[in-house]
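# Residue-level structure breakdown
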Amino acid sequence: MRLLLVEDDLAIAEPLTRGLRRDGFTVEHVTHGLVALDAIDASPPEIVVLDLGLPDIDGYEVCQRIREKSAVPVIILTARGDETNRVLGLELGADDYMVKPFGIRELVARIRAVVRRTGTDTGASDADIDLGSGLVLDVRARRVMRDGNEVVLTRKEFDLLSLLASDPGAIHRRADILDQVWDAHWYGPTKTLDVHIAGLRRKLGDHDLIETVRGVGFRLRETP
Ligand code: CA
């Protein structure tokens with residue numbers, strides 16, 4: 001799914017872009033409102049994630065000008081909760097909003113909900129993923145099947161497995177996993193991650209599916 005991210009704060013935009021790409025999005029990132037409007041003309045995205053505070057014209061104006069020419073879904077990023085009344089109250093045509101700071105999983109869930117609602121989903125990124133050993137990850141239904149039977153996972157376990165399965169064979173660093181599955185501002189014990197990995201291995205019944213890369217992170221075994 002083609003996503004246009006309009007965000008001038010690189011500390012937010014860079015990890016967000018990486019995370020969204022891992023989730024299967026094709027991300028174009030711009031930092032200015034006028035550049036965003038040009039980008040929408042040049043190559044129409046399927047969804048726009050739009051920050052309000054931009055260096056040239058503000059996000060409200062960008063949103064209004066998008067609406068003058070396009071029905072593309074827009075999710076607004078806002079730093080303060082009290083701006084949300086303005087976002088929705090002024091009927092700028094935004095489809096949803098996120099208050100910073102937020103976790104990437106929450107944003108992805110919002111994106112999918114908005115896309116479902118507005119009917120722009122091409123379905124391309126929701127295909128089942130074959131993990132081998134009779135295990136299949138059903139992204140759309142958020143469940144894992146083993147030989148046709150559902151393996152019951154917690155939400156975090158599913159998110160964790162989805163992340164690893166988004167790029168089999170690639171090493172996912174511990175900090176990146178915590179960042180993406182838990183929260184962009186997770187400062188809790190990293191042992192939480194090991195506990196969830198252990199739970200996943202036990203439930204999936206295949207201890208070699210998720211490999212530990214000592215001192216670095218984890219990776220999902222590539223399907224032969
Ligand atoms: Ca900003």
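So, a few notes on the structure that sits alongside this text. (Residues numbered from 1 in each chain as written. Predicted model: local features only at pLDDT ≥ 70, side-chain atom pairs only at ≥ 80, totals over all residues. Heavy atoms only, no water.)

This paragraph deals with helix H5 (residues 104–118). Compared with the 21 Å implied by 1.5 Å per residue over 15 residues, the 21 Å span of H5 between its first and last C-alpha is a close match. Every buried residue of H5 is listed here: Ile-104, Arg-105, Leu-107, Val-108, Ile-111, Arg-112, Val-114 and Val-115. (Helix = DSSP H or I, 4+ residues; strand = E, 2+ residues; numbered from the N terminus. Expected span 1.5 Å × (residues − 1). Buried < 20%, exposed > 50% of the residue type's maximum accessible area, 1.4 Å probe, protein only.)

As a further point, take the nonpolar core. Grouped together as the largest cluster of nonpolar side chains are 25 residues, with contacts concentrated most on Val-144, Leu-161 and Ile-177. Only strand E7 (135–138), helix H6 (155–165), helix H7 (174–182), helix H8 (191–204) and strand E12 (217–220) provide two or more residues apiece to this core. Here Leu-161 is in contact with Leu-131, Leu-137, Val-144, Leu-153, Leu-200, Leu-204, Ile-210 and Leu-220, once residues within four sequence places are set aside. (Core = buried A, V, L, I, M, F, W, Y, C linked by side-chain atoms within 4.5 Å. Contact = heavy atoms within 4.5 Å.)

Spatial strand order, E10-E12-E11: three strands in an open sheet with antiparallel pairing. One side of each edge strand has no neighbouring strand; the edge strands of this open sheet are strand E10 (172–173) and strand E11 (210–213). On top of the sheet, H6 reaches E10, E11 and E12; it is set at about 70° to E12, its chief contact. (Pairing = 2+ DSSP bridges. Axes fitted to C-alpha atoms, helices over the stretch in contact; angles between N-to-C directions.)

The subject of this paragraph is the sheet that holds strand E3 (residues 47–51). If you walk across this open sheet you meet the five strands as E2-E1-E3-E4-E5, and the pairing is parallel. Of all strands in the sheet, those bounded by a partner on one side alone are strand E2 (26–30) and strand E5 (96–99). In this sheet, neighbouring strand axes are inclined to one another by 20° on average, regardless of whether the strands run parallel or antiparallel. Pairing between strand E4 (residues 74–78) and E5: four bridges, direction parallel. Residue pairing for E5: Ile-76 is matched across the bridge by Tyr-97. Across the sheet, helix H3 (residues 59–67) is in contact with E3 and E4; its angle to E3 comes to roughly 155°. Strands in contact with H5 are strand E1 (2–6), E3, E4 and E5; relative to E5, the strand with the most contacts, it is inclined by about 175°.

That's the geometry; what it means functionally is another story.
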